[in-house]
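Coordinate analysis (summary)
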Amino acid sequence: QVQLVESGGGLVQAGGSLRLSCAASGGTFSSYAMGWFRQAPGKEREFVTAISRSGGSTNYADSVKGRFTISRDNAKNTVYLQMNSLKPDDTAVYHCAARTSSLPLVPIRSSLYDYWGQGTQVTVSS
């Protein structure tokens, strides 16, 4: 069983930055692809970004390219989401997720992930 705990959410002004963390336990973190998803009120869950087990491959939603950066520190069992130039449209609950079995590509579909964190609220004011 894998446990994921997000932290770092909060209220930030438009144009500001925020760094989210997702700490993993209960498994072999370095063998998991990790992703970030978000869900705003009244909207479907949306893919944000994902990273391969080694950190060598990443994928980003078009809406966050150039503004968000995903990274991981396997020695700390933690994946990060650095969010810069935040916009009000970025307001959502952000969840990290783990894919525990191998896939040929970095997964971007939520259904491909096995474990989910509880989420952390990010609110961007205008």
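No experiment lies behind these values; they were computed from the predicted model shown.

On to the pattern of salt bridges, then. When charged atoms on two side chains of opposite charge get close, those side chains can pair. Overall, the coordinates contain four salt bridges when judged by the stated rule. The closest approach of N and O atoms between arginine 38 and glutamate 46, which form a salt bridge, is 2.9 Å. The partner of lysine 65 in a salt bridge is aspartate 62, and the shortest N-O contact between them spans 3.1 Å. Linked through salt bridges whose partners overlap, the residues forming this network are Arg38, Glu46, Arg67 and Asp90.

So, on to the sheet that holds strand 8 (residues 78-83). Read across the sheet, four strands follow the order 1-3-8-7 without closing on themselves; strand pairing throughout is antiparallel. Two strands close off the open sheet at either side, each with one partner strand: strand 1 (3-7) and strand 7 (68-73). On average, each strand axis in the sheet is inclined to that of its neighbour by 15°, with strand direction left out of account.

Here we take up unusual backbone geometry. For asparagine 77, which is not glycine, the phi dihedral falls at a positive 55°. Of note, asparagine 77 is situated in the loop between strand 7 and strand 8. For serine 85, which is not a glycine, the phi torsion comes out positive at approximately 50°. Note that serine 85 resides in the loop between strand 8 and strand 9 (92-99).

Here valine 124 is to be found in strand 11 (residues 120-125). Separated by 113 residues in the primary sequence, valine 124 and leucine 11 have C-alpha atoms spaced 5.9 Å apart. Look past the residues within four positions of valine 124 in its chain and what remains in contact with it is Val12, Gln13, Ala14, Leu86, Lys87, Pro88, Asp90 and Thr91.

What counts as what
Residues numbered from 1 in each chain as written. Predicted model: local features only at pLDDT ≥ 70, side-chain atom pairs only at ≥ 80, totals over all residues. Heavy atoms only, no water. Salt bridge = Lys/Arg side-chain N within 4 Å of Asp/Glu carboxyl O. Pairing = 2+ DSSP bridges. Helix = DSSP H or I, 4+ residues; strand = E, 2+ residues; numbered from the N terminus. Axes fitted to C-alpha atoms, helices over the stretch in contact; angles between N-to-C directions. Contact = heavy atoms within 4.5 Å.

By themselves, these observations are geometric and do not establish any function.
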